[in-house]
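# A look at the structure
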Amino acid sequence: MPLDAKIPIGPLAEKWDRHRFELKLVNPANKRKFEIIVVGTGLAGGSASASLAELGYSVKTFCIQDSPRRAHSIAAQGGINAAKNYTNEGDSIWRLFYDTVKGGDFRAREANVYRLAQISNNIIDQCVAQGVPFARDYGGLLANRSFGGAQVARTFYARGQTGQQLLLGAYSAMMRQVATGRVTMYPRREMLELVVINGQARGIVVRNLITGAIESHAADAVVLCTGGYSNVYFLSTNAMASNVSATYRAYQKGAYFANPCFTQIHPTCIPVHGANQSKLTLMSESLRNDGRVWVPKNAAEKRPAHQIPESERDYYLERKYPSFGNLAPRDVASRSAKEQCDSGRGVGETGLAVYLDFADAIKRDGRAVFEQKYSNLFQMYEKITGEDPYETPMMIYPAVHYTMGGLWVDYNLMSTIDGLFVLGEANFSDHGANRLGASALMQGLADGYFIVPYTIGGYLAGTTLPNVSIDHPAFKDYSAEAKNRVRKLLSIQGKRTVDDFHKQLGLVMWDYCGMARNNDGLKKAKEMIQELRDEFWQNVLVPGSENDFNQSLERVGRVADFLDFAELMVIDALDRQESCGGHFNEAYQTEDSEAKRDDENFCHASAWEFAGEGKTPILHKEPLVFENVELTQRSYK
Amino acid sequence: MTKAINLTLKVWRQKGPEDKGRLETYDAKDISTNMSFLEMLDVINEQLTLAGKEPIAFDHDCREGICGMCGAVVNGRPHGPEKGTTLCQLHMRHFSDRDTIFIEPWRSRAFKIIKDLVVDRGALDRLIQAGGYISANTGGAPDANAIPVPQASAELAFDAAACIGCGACVAACPNASAMLFVGAKVSHLVLLPQGEPEAAQRATAMVREMDSLGFGNCSNERECEAECPKEISITNIARLNREYFKSRFFSNVK
Ligand code: SF4
Ligand code: FES
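The structure contained in this document is the topic of the report that follows. (Residues numbered from 1 in each chain as written. Chains lettered and ligands numbered in written order. Predicted model: local features only at pLDDT ≥ 70, side-chain atom pairs only at ≥ 80, totals over all residues. Heavy atoms only, no water.)

## Some thoughts on the pairing of strand β15 (residues 394-403) of chain A
Residue and element names in this part refer to chain A. Here is the rule we go by: Buried residues are those whose accessible area, probed at 1.4 Å on protein chains only, stays under 20% of the maximum for their type, while exposed residues exceed 50% and partly exposed ones sit between those limits. Only DSSP runs of H or I with at least four residues qualify as helices, and only runs of E with at least two residues qualify as strands; both kinds are numbered from the N terminus onward. DSSP-based pairing: two strands are paired if at least 2 bridges between them are found.
Taken across its 10 residues, β15 has 10 buried, putting it largely inside the fold. Pairing analysis gives five bridges linking strand β11 (residues 263-269) to β15, with the strands arranged antiparallel. The residue bridging threonine 263 from the neighbouring strand is threonine 403, located in β15. Of the pairings in the sheet, the one linking strand β14 (residues 354-357) to β15 comprises three bridges and is antiparallel in character. By the bridge assignment for β15, tyrosine 355 is matched with methionine 395.

The following block contains the structure:
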C-alpha cells in the first residue's frame, strides 16, 4: 500500500480550514448510533472522549489505572505552548510552527505542525474555561515563561504541575459525559488485541485486571491514545505501567509504525542512585530558565560545589551556545552533559551527573519569587535526594523521557488500518526527530479536543460499516489468542523474574540505542535482543494465576512486547544512516559534534510494516516536502 | 550518604475482597537508604517471586507523587510518617536499622479491598462525576484573557486543585468522610469566575453523592489535613460548608 498522508492542497495557512470544510459531516441525529472506543485516558484520550461525547457519539473509554485521572500526562511539569503573543515579543502561529519544525530537525510534516500551532490558541481558551488554574500576573492576566528551543515566552503553566491541571481539566470534562451516559468508563482494563474485520478496526479485546476475565468490545472506530514507549529502556521518566503493547498490537495487525528510533532524552533528570532504582524523575526543563549548568573544569576535582571558585567552573552550555545558553534544545543539552561526564568531569557519587545551579537567580529574584515558581520541584528533589537545592546545586543527568516515533497516521490522524485513529504520543505526527519542551501537552490536547472530533466524523460519514457485534467470529478468535498468550506466559515457570529481563533489555537499549548510537553497537544490540527474547520465552517466571489480580502477569505481557519492539527500534536506527534530533549516529556529526542530517537521502518518515513473526519488517517511506521553510542546519549558537 | 539497613515488615495479605486477610512477616535485608519505599517493596517482591510465592499487590504508577495511584497505611499513618509525602516519595532514609514496619491497605467502608494493599477508590470518580467540573463544551470558550482572574484567587484555586485523588483523607478519617476531597474540588472551581455559575448546583450534587456513596460526616477531627500528601488545607472544608449552605438557602437548586 503506498502511503498517502492526505495532506490538503492549498496554502499552508488555509489547509486546515479548507479540510474541515471538505470533511463529510455526520448527521447530528445519527451520531448517537456510532460507537467509538477510546483506549487511554491521558490528555489525548481524556480530551477525545469528552469532545466526542459532547458531539453526541457513544463512547467507551478504557484505561489501565484504577481511575481515568491518573495517566502519565499528569506528571508533565513545565507547561504548554501557544502562539498567543500575550507577551508582545512578536510571537505568531508562524513562529511557533517554525520553531517546532526546526526543533524537530526537519523530520515532521509541515501541514501537521502548522495546524498544531493554529490550534494551540484554542487549547488555552478551552482550558481556562474549564477552570485550569494557570499562573497569572498581578493584573489577573495569564503569565508566560520561556522554554528550551524558543526565544519568546509562550509557555503557559500551572506552577510545576501543568500536566496535572490540564489532565484534571480533560478528566472532569469527560466525567461530565460519563454522568450523561454518553461515555462509559472501563478502568483497570488492558488492551490485549485490536480487532480488525474486513480491513476496518472494529473493536478490542481487553483483560479485566481485577478478575482476569477477557472481555470483548465492538465499535465503529477505535482511537488509541496509549502514550509512548520510553519504558523499553526500563529506566525512564515514564510511569511504571506505560507500555507499547497497544500500539505494537496494532502494528502486528497492519498499522505501520513510524520512526521508532526517534526517542528523546531529557537533559534534567535526577541521577540514578543504584541497581534497585525503579524509575527516574524529571526536573522540569523550565528550571533551565533560571539555573546554570556547569561542571568543574578539572576532572580530578574533589571539593563540594560551593567551594569551587567561579574561575574553575565550566558553564559549558553558555560557552558552546552563546545565544541559547542554558536553553539549548533537549537533545543538544543531553549530549553535552554526557560528553562532560564521559570526559571524567561528572559530579556526585557515580560521576554521572552535572550541576544545575540556581544561586545567581535566587540572588537576583529573591527566594520568595523562586518558591512561587518552583517550590514543588525543589521539594520533590529534596525528597528524593535528601539535599536542599536552595543550599547546594542540583545534580542532574539525562534520562529517556519521550518518544517521538509512533504509529504512522495521515493528516486525519488515521493509521494505515481504516478506522484506527491514533492520538498524542502514541502517533508519530508532529515532533519530527525531537520534541520541544511544552509541546507534548499541546499536541495531546490538539489531537483530542480539536482534530479527531472532526476527522472521525469524516471517516464515519464516508465509510460503509457493516453491522458487527461481539458475536462476530473474529472476536472469538482474538479472545482465544489473547487467552493463549496469557496461559503460555504463565506456563513457562522459569528462573528469572519479569523485572530481571526488563532491566537487562533496558541496559542494552540505553547502551546501544540511546543518546548516541553507532552501527556496530546497533548490530550487536539486535543480536542481544534476539538472544534475550529467546531466553525470556524459556525462562521467565510469572507467579500467580490467570483469573486474579496479578501484577506480574500484567508486566510480563508488556515486557514480551517490548522485547519484540526493541528490535524494530534498532532496525529503524540502523536504517537511518544520518543523525537528526534525538537520533544521533556517531558516524554523522559536524565538526563540533552536532547532529548532521542527510536531507538528500533521509528527508522522509520511515513507516514499518509488520511482515510476520521473525520476518524483517517492510519499510515504506513518506517523503517530507518542505515548501514553506528552508532546511537549514539546526544551530543554537 | 548511602547506608544499608535491615527491617522487619508486617504486611497485610488478603487474597480477595471476601478473604479475611492477615499480617505476614518478612525480613527486608540490606535495604539502601536511597531507595524509595516502593522500591523496597519491589525488592521483597522479587525475593517472594523467586521463592515461589505470590508478590505483594500494591497500586502505583508515576512514582513521583502526582498520579495519586499509590497509598498504604504505614505504621498506622496513610502514606507513612513524612509530612506532605506520598508513599512513592517516601524514602528509606527516614527509617532506622532494625525497625519494624506495619504496612496495611486503606481501611474505609467506602473503599473495598481488592487484594493485599490494593483498594477500590471508584467512589472518588463518582463524586467528580456528580458535579466536579465546569460545563464548558469544547469549542465555545472565549479568549483566555477575556476574564481576568485575580492572582490571589488563582493561587488559592491552585492550592485546592493540587489534590491527587489518592483517598488518604478518607482513610485517615475516623468517619470515612470525603469532605477534604470534595472541599478541594468545590473550592478549586468556585474560586475561579468560570466556576461560579454552577457553584450551587455543584456543591449540592457533590454533597448528596457523598452521602449516598456511604462516606461519613465530618466531625472536625482534622486527620485528613494531617495526612494529606498534598497538604490540602481544611479551610477548603469550611468553604464547602459555606457553599453548601448558600446553595440550600440562597439558590434555586433543589
Ligand atoms: S485531599 Fe489530599 S488526601 Fe484527600 S484525595 Fe486529595 S490529595 Fe489525597
Ligand atoms: S505512584 Fe503516583 S502518586 Fe505515588
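## Looking at the pattern of salt bridges
Residues and elements named next belong to chain A. Keep this limit in mind: Salt bridges are defined by distance alone: a side-chain nitrogen of Lys or Arg within 4 Å of a carboxyl oxygen of Asp or Glu.
Within this structure, the stated rule accounts for 59 salt bridges over all chains. A salt bridge links glutamate 567 to arginine 533, with the nearest nitrogen and oxygen atoms 2.5 Å apart. Pair noted here: glutamate 567 is in helix α16 (residues 551-575) and arginine 533 is in helix α15 (residues 519-539), with a separation of 34 residues, a long-range link. On the basis of relative accessibility, which here comes to 13%, the residue glutamate 567 falls in the buried class. Look at the salt bridges and you will find they share partners, linking Asp105, Arg107, Arg576, Glu578, Arg597 and Asp599 into a network.

## Quick notes on the interface of chain B and chain A
The test is simple: Contacts are residue-level and defined by heavy atoms, with any inter-residue pair within 4.5 Å sufficient. What gets called buried area is simply the loss in accessible area from a 1.4 Å probe that two parts show on being joined, summed for both. We define a polar contact as two N or O atoms separated by no more than 3.5 Å, with the added condition that, inside protein, one atom must be a possible hydrogen donor and the other a possible acceptor, whereas residues neighbouring each other in sequence contribute only through side-chain atom pairs. The residue classification treats Ala, Val, Leu, Ile, Met, Phe, Trp, Tyr, Cys and Pro as nonpolar and Asp, Glu, Lys and Arg as charged. All others, Gly included, are polar.
Counting from both sides, the interface comprises 74 residues of chain B and, opposite them, 75 residues of chain A. Interface of chain B and chain A: buried area, both sides summed, is about 6400 Å²; carbon and sulfur atoms make up 50% of it. The interface formed by chain B and chain A holds seven salt bridges in total. The salt bridge involving A:Lys279 is made with B:Glu64; its shortest N-O contact spans 2.5 Å. At the boundary of chain B and chain A, one finds 44 residue pairs in polar contact (both at pLDDT 80 or more). In terms of residue class, the side of chain B that touches chain A is built from 36 nonpolar, 21 polar and 17 charged.

## Quick word on empty space enclosed by the protein
All names here are of chain A. Note the following rule: Using a grid of 1 Å spacing that covers the protein atoms alone, one calls a set of points a cavity when a 1.4 Å probe fits there but cannot get out, and a pocket when the set is open and has protein on both sides within 12 Å along at least five of seven lines; lining residues are those with an atom within 4 Å of a point. Grid points are joined across faces, edges and corners, and a volume is the space filled by probe spheres set on the points.
Under the defined criterion, the tally for this structure stands at 14 cavities of 30 Å³ or more. In terms of lining residues, the second largest cavity is bounded by 17 residues, among which Leu192, Arg485, Val486, Leu553 and Gly557 are the most central. When residues of the lining of the second largest cavity are assigned to their parent elements, the largest contribution, five residues, is made by α16. Counted by class, the lining of the second largest cavity contains seven nonpolar, two polar and eight charged residues.

## What to know about the site of ligand 1
Residues and elements named next belong to chain B. Selection criterion: One heavy atom within 4 Å of a molecule or strand is enough for the residue carrying it to be called near that molecule or strand.
Taken together, the residues surrounding ligand 1 are Cys163, Ile164, Gly165, Cys166, Gly167, Ala168, Cys169, Leu180, Phe181, Cys228, Pro229 and Ile232. For the shell around ligand 1, the secondary structure elements donating two or more residues are α4 (168-172) and α5 (179-190). Its residues assigned to classes, the shell around ligand 1 comprises 10 nonpolar, two polar and no charged.

## A closer look at the packing of helix α3 (residues 43-55) of chain A against helix α6 (residues 162-180) of chain A
Residues and elements named next belong to chain A. To be explicit about the condition: To get an axis, a line is fitted to the C-alpha atoms, and for a helix only the part in contact is used. The angle between two axes follows their N-to-C directions and goes from 0 to 180 degrees. By definition, any crossing whose near helix is turned counterclockwise from its far helix by less than a right angle is left-handed, and any crossing with a clockwise turn is right-handed.
Put simply, α3 and α6 touch, their axes get as near as 8 Å, and they point 35° apart. The interaxial crossing formed by α3 with α6 has left-handed handedness. Contacts between α3 and α6 pair Leu43, Gly46, Ser47, Ser49, Ala50, Ala53 and Glu54 from the former with Leu166, Leu167, Ala170, Ala173, Met174, Arg176 and Gln177 from the latter.

## A look at the sheet that holds strand β10 (residues 257-258) of chain A
All names here are of chain A. Read across the open sheet, the four strands follow the order β16-β10-β20-β21; overall the sheet is antiparallel. The sheet is open, and its two borders are formed by β16 (406-407) and β21 (618-623), each paired with just one other strand. Of the strands in this sheet, β10, β20 (604-609) and β21 touch α16, which is tilted by about 140° from β20.

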